[in-house]
Amino acid sequence: MFDWNDLRFFLELQRSGRLLTAARRLNTTHATVARHIEAIEKSLGTALFVQHAQGYEMTPAGEALLKHAEAMENVALLAQEEITQSTAPLGKIRVGVTEGLGIMFLASRMNGLFERYPGLEVELVAVPRFVSILNREAEISIHLERPSADMLVTRKLTDYRLALYASQAYLDRSPPLRSREDLARHAWIGYVDDLLFSQELMFLNSFCRNPQVVFHSTSVIAQQQAARSGLGIAVLPCYMASADPELVPLLPDESIQRSYWISTRRELHKSVRLRVLWDYVVEMCEREQHLLSGIDPL
């Protein structure tokens with residue numbers, strides 16, 4: 001029988017695909033990770049991974065072991081959660097979220113959470129990419145698309161609106177902009193198409209058939225800054241741009257709606273610390289619907 005501790009190394013190599021990455025996440029060396037993998041393989045009498053130029057890929061035996069290793073990990077997490085909550089309520093929770101919502105909306109609205117629950121510690125992973133809760137990068141994840149995995153609990157968090165914005169300096173030196181037809185004569189700011197992490201971000205053509213994009217960035221915050229500096233027109237979430245004094249809203253009848261989805265692993269959904277943060281974020285989005293929808297409150 002192999003050492004159960006070896007499964008931590010097996011799971012991390014499966015999730016990262018590389019020995020060095022797995023070692024860094026486990027705060028050890030790549031040789032140590034390799035030694036633990038070899039120990040499992042020797043005990044089971046079969047290879048669990050094959051190495052390619054792109055990294056490590058599981059064999060059929062590795063696939064068979066994976067579901068059992070994840071089940072054991074889940075039991076351990078739940079046991080830790082139950083014991084921790086009985087001795088020191090709350091603790092640390094990590095939420096992965098898209099860059100715009102995380103930095104420009106959530107981060108400035110967390111005070112109320114800590115006033116209610118001073119024992120809580122939040123790690124906000126706000127990046128312009130998909131944060132995986134299945135690979136344990138976070139316990140809660142907020143997506144642009146609804147995840148389909150059966151092992152997740154998912155609900156729509158909120159709809160939000162995106163509209164056109166530019167600086168007054170740009171408008172002063174550019175052709176008149178009175179209708180959708182005028183947009184083809186203007187400079188645009190957008191994403192790097194081949195690095196998009198969600199098809200929901202392909203929205204320039206919703207406004208202009210052949211936009212003349214002069215500046216591309218994977219970061220929506222960089223796009224906002226570029227628009228503020230006068231580079232061109234950007235499609236930005238209203239919750240980011242509507243209160244920016246350096247940006248002018250354009251063509252008020254032209255906008256699009258997208259949605260955010262919030263998810264967690266099914267076995268963690270009853271966690272006290274997770275529910276505290278989950279419920280707070282849901283309530284906050286419901287309270288701030290006027291900002292997210294781009295509609296001024298009466």
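Residues numbered from 1 in each chain as written. Predicted model: local features only at pLDDT ≥ 70, side-chain atom pairs only at ≥ 80, totals over all residues. Heavy atoms only, no water.

What follows is about the pairing of strand β2 (residues 55-58). Of the strand pairs in this sheet, strand β1 (residues 49-52) and β2 are connected by 4 bridges, and their pairing is antiparallel. Bridge pairing in β2 links Val50 to Glu57. Linking two consecutive strands that pair antiparallel, namely β1 and β2, is a turn of 2 residues. (Pairing = 2+ DSSP bridges. Helix = DSSP H or I, 4+ residues; strand = E, 2+ residues; numbered from the N terminus.)

In the structure shown here, the tally under the stated rule is 10 salt bridges. Where Glu12 meets Arg25, a salt bridge forms, and the shortest distance between an N and an O atom there is 3.2 Å. Residue Glu12 is found in helix α1 (residues 6-16), and its partner Arg25 is found in helix α2 (residues 19-26); the two are separated by 13 residues along the sequence. You can call Glu12 buried: its relative accessible area is 13%. (Salt bridge = Lys/Arg side-chain N within 4 Å of Asp/Glu carboxyl O. Buried < 20%, exposed > 50% of the residue type's maximum accessible area, 1.4 Å probe, protein only.)

Quick look at the nonpolar core now. In terms of nonpolar packing, the biggest core is built from 62 residues, with Leu101 and Ile142 touching the most fellow members. When residues in this core are grouped by element, the largest group, 9 residues, is from helix α10 (residues 272-287). Beyond its immediate stretch of four places on either side in the chain, Ile142 contacts Val95, Gly96, Val97, Thr98, Leu101, Leu106, Leu157, Tyr260, Trp261, Ile262 and Val281. In terms of nonpolar packing, the next biggest core, distinct from the first, is built from 17 residues, Leu13, Leu19, Ile37 and Phe49 among them. (Core = buried A, V, L, I, M, F, W, Y, C linked by side-chain atoms within 4.5 Å. Contact = heavy atoms within 4.5 Å.)

The alternating pattern of strand β7 (residues 187-190) places Ala187 and Ile189 and Trp188 and Gly190 on opposite faces, both of which are buried. Bridge count for β7 against strand β8 (residues 212-216) is 4 bridges, and the pairing is parallel. Paired with Ile189 across the two strands is Phe215, which belongs to β8. Direction of pairing for β7 relative to strand β9 (residues 233-237): parallel, over a ladder of 2 bridges.

Within the fold, Ser293 resides in the segment after α11 (289-292). At 3.4 Å, the side chain of Ser293 forms a polar contact with the backbone oxygen of His290. (Polar contact = N/O pair within 3.5 Å; in protein donor to acceptor, adjacent residues only side chain to side chain.)

What follows covers empty space enclosed by the protein. Where empty space is left in the structure can be found by rolling a water-sized probe over the atoms. Inspection of the entire model under this criterion finds 2 cavities of 30 Å³ or more. Forming the boundary of the largest cavity are 20 residues, of which Thr98, Gly100, Tyr191, Leu201 and Val220 lie nearest the centre. Every element with two or more residues in the lining of the largest cavity is listed here: α5 (99-106), β6 (152-166), β9 and α9 (238-241). In terms of residues, the lining of the largest cavity owes the most to one element, α5, which gives 3 residues. Its residues placed into classes, the lining of the largest cavity shows 15 nonpolar, 4 polar and 1 charged. (1 Å grid on protein atoms, 1.4 Å probe; cavity = no way out; pocket = protein on both sides within 12 Å on 5 of 7 lines; lining within 4 Å. Points joined across faces, edges and corners; volume = space filled by probe spheres on them. Nonpolar A, V, L, I, M, F, W, Y, C, P; charged D, E, K, R; others polar.)

This next bit is on the packing of α5 against helix α8 (residues 220-228). Viewed as axis vectors pointing N to C, α5 and α8 meet at an angle of 65°, and their least axial separation amounts to 8 Å. Relative to α8, the element α5 lies roughly perpendicular. In this structure, α5 uses Glu99, Gly100, Ile103 and Met104 to contact α8, whose residues at the interface are Val220, Ile221 and Gln224. Classifying every residue of the contact of α5 with α8 by side-chain character gives 4 nonpolar, 2 polar and 1 charged. (Axes fitted to C-alpha atoms, helices over the stretch in contact; angles between N-to-C directions. Parallel < 35°, antiparallel > 145°, perpendicular 65-115°, else oblique.)

In this structure, Thr59 sits in the loop between β2 and α4 (60-87). In this structure Thr59 comes out as buried when scored by relative accessible area, which is 11%. Here the side chain of Thr59 touches Ala47 through a polar contact of 2.7 Å, landing on its backbone oxygen. Setting aside its immediate chain neighbours within four residues, Thr59 contacts Ala47, Leu48, Phe49 and Val50.

Turning next to unusual backbone geometry. Unlike most non-glycine residues, Asn27 shows phi in positive territory, near 60°. In this fold, Asn27 is placed in the loop between α2 and α3 (30-44). Non-glycine residue Leu251 carries a positive phi angle of around 40°. Within the fold, Leu251 resides in strand β10 (residues 248-265).

Let's shift gears to the state of the cysteines. In total, this model carries 0 disulfides according to the counting rule given. With no disulfide partner, Cys285 has as its closest neighbouring cysteine sulfur the one in Cys238, 15 Å distant. What makes Cys285 buried here is its relative accessible area of 0%. (Disulfide = S-S within 2.5 Å.)

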